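What follows is each chain in one-letter form.
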Amino acid sequence: MNRSTINESIAQARVVFSHFNINLPPFALWGIEQWQCAGPECDEIRDCMLGWDVTDFGSGDFAAIGRTLFTLRNGTVLNEAYPKNYAEKYILDPELQRAPAHFHRSKREDIINRGGGNILIELCLATPENTRSRESFTIQVDGCTTRVNAGDTVRLRPGQSLCIPPRTIHQFWGEEGTGLKIDGVAYSVSGEVSSVCDDREDNFFLDAMTRFPEIHEDTERTHYLCHEYPTARQSELVIVV
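Residues numbered from 1 in each chain as written. Predicted model: local features only at pLDDT ≥ 70, side-chain atom pairs only at ≥ 80, totals over all residues. Heavy atoms only, no water.

(A) Examining the overall build of the chain more closely. Scanning the chain from N- to C-terminus turns up 3 helices and 14 strands. For 241 residues, the compact-globule formula gives about 18 Å, and the C-alpha radius of gyration of the chain, at 18 Å, lands near that figure. For the chain, the spread of C-alpha atoms along the three principal axes comes to 55 × 45 × 30 Å. Per-residue burial for the chain yields a buried fraction of 52% across its 241 residues. Sequence separation of at least 24 residues holds for 76% of the intrachain contacts in the chain that already meet a minimum separation of 6. (Helix = DSSP H or I, 4+ residues; strand = E, 2+ residues; numbered from the N terminus. Rg over C-alpha atoms; globule rule 2.2 N^0.38 Å. Buried < 20%, exposed > 50% of the residue type's maximum accessible area, 1.4 Å probe, protein only. Contact = heavy atoms within 4.5 Å.)

This is how it looks when you write it as structure tokens:
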């Protein structure tokens, strides 16, 4: 994946989030020099992988299979210093762009339509062999029990949410033509509230994918991604924001 694509997508996300009055924490704007000076007071950001997250999952086709997210808060299963058992993200949803079909081994998540157009979510259960089940099942939409068939698509209008339990295969995307139009592309914004997010170990992709792809440095980075932060500078400096 090209660094220029990452830079452009973060810039676009900031524009769209701002339009919907979604305010990010100050470290969302930190550039390279600020992070290179940041001390151990920022270790929770580093260790819990908060911040910008842009990926094409190794697809080579970011417009079709990709994600731009910002993680606001998270715990970690690896370090008792971070006891939070919850996580929260904002997700940029250009029309028709989606993550690959996947499920989580342990994470339970609510997907919330935060603004723009409709969010479409395709769902089915995973079998013990980690394939698509043909069983029908129930899910919770805005706290109401809803029965769906394997492969059904649920439409979330702005303000609506859906709970995705562990081992539920899902893909979701902005419905074509229903979001905020910018330069010919319609954008929506979804949110994710979940149990602790462990993107290194908890995801199971049905096809061969990688969560954090190799990056081609075709230009200078404008921001560090959540898995790229430099080691804390050992100093008494505390960043004032």
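(B) Summary view of the packing of aromatic side chains. Counted by the stated rule, this structure contains 9 aromatic pairs. Aromatic pair F27 and F70: ring centres 5.5 Å apart, planes at 35 degrees, arrangement tilted. With F27 in the loop between α1 (3-19) and α2 (32-37) and F70 in strand β2 (residues 67-73), this pair connects stretches of sequence that are 43 residues apart. You'll find F27 and F70 in the same group, each marked buried. With 4.3 Å between their ring centres and 35 degrees between their planes, W35 and Y229 make a pair best called tilted. With W35 in helix α2 and Y229 in the segment after β14 (203-205), this residue pair connects regions lying 194 residues apart in the sequence. The class of W35 is buried, set by a relative accessible area of 2%. By relative accessible area, which is 13% here, Y229 ends up buried. Taken together through their ring pairs, the aromatic side chains of F17, F27, W30, W35, W52, F70, Y90 and Y229 make up a single cluster. The residue whose ring lies beneath R67 is F172, and the NZ or CZ to ring-centre distance is 4.4 Å. (Phe/Tyr/Trp six-rings, centres within 6.5 Å; stacked < 30°, edge-to-face > 60°. Lys NZ or Arg CZ within 6 Å of the ring centre and 35° of its normal.)

(C) Examining the pairing of strand β6 (residues 119-125) more closely. Taken across its 7 residues, β6 has 5 buried, putting it largely inside the fold. Bridging between β6 and strand β9 (residues 153-156) involves 4 bridges; their strand directions are antiparallel. Across the sheet, residue E122 finds its bridge partner in β9, namely T153. When β6 meets strand β11 (residues 168-174), the two strands line up antiparallel, connected through 7 bridges. Residue pairing for β11: L120 is matched across the bridge by W173. (Pairing = 2+ DSSP bridges.)

(D) Region of interest: the pattern of salt bridges. Here the structure, examined in full by the defined rule, presents 14 salt bridges. The closest approach of N and O atoms between E175 and R155, which form a salt bridge, is 3.0 Å. Residue E175 is found in the loop between β11 and β12 (180-182), and its partner R155 is found in strand β9; the two are separated by 20 residues along the sequence. When salt bridges that share partners are traced, they join R3, E217, R221 and E228 into one network. (Salt bridge = Lys/Arg side-chain N within 4 Å of Asp/Glu carboxyl O.)

(E) Summary view of the side chain of H104. With respect to the element layout, H104 can be found in strand β4 (residues 102-104). On the basis of relative accessibility, which here comes to 5%, the residue H104 falls in the buried class. Setting aside residues no more than four positions away along its own chain, H104 makes contact with E109, P166, R167, H170, D202 and N203.

(F) Local environment of the environment of D93. Examined against the element boundaries, D93 turns out to sit in strand β3 (residues 87-94). Among the residues examined, D93 registers a relative accessible area of 0% and is labelled buried. Taking the C-alpha atoms as reference, D93 lies 8.5 Å from A186; in sequence the two are 93 residues apart. In this structure, D93 is in contact with R67, I119, F172, G174, A186, Y187, S188, V189 and S190, ignoring residues within four places of it in sequence. A polar contact of 2.6 Å, which involves the side chain of D93, links it to the side chain of S190. (Polar contact = N/O pair within 3.5 Å; in protein donor to acceptor, adjacent residues only side chain to side chain.)

(G) Main features of the environment of N130. When you line up the elements, N130 lands in the loop between β6 and β7 (137-141). Take N130: its relative accessible area is 25%, and that puts it in the partly exposed class. Distance in space between the C-alpha atoms of N130 and S106 is 14 Å, their sequence separation being 24 residues. Residues within four places of N130 in sequence aside, it is in contact with F103, R167 and F204. Separated by 2.8 Å, the side chains of N130 and R167 make a polar contact.

(H) Region of the structure containing the pairing of strand β10 (residues 161-164). What you see with β10 is no split at all: S161 and C163 on one side and L162 and I164 on the other are buried throughout. Here β7 runs beside β10; their pairing, made up of 2 bridges, is antiparallel. Bridged to Q140 within β10 is C163.

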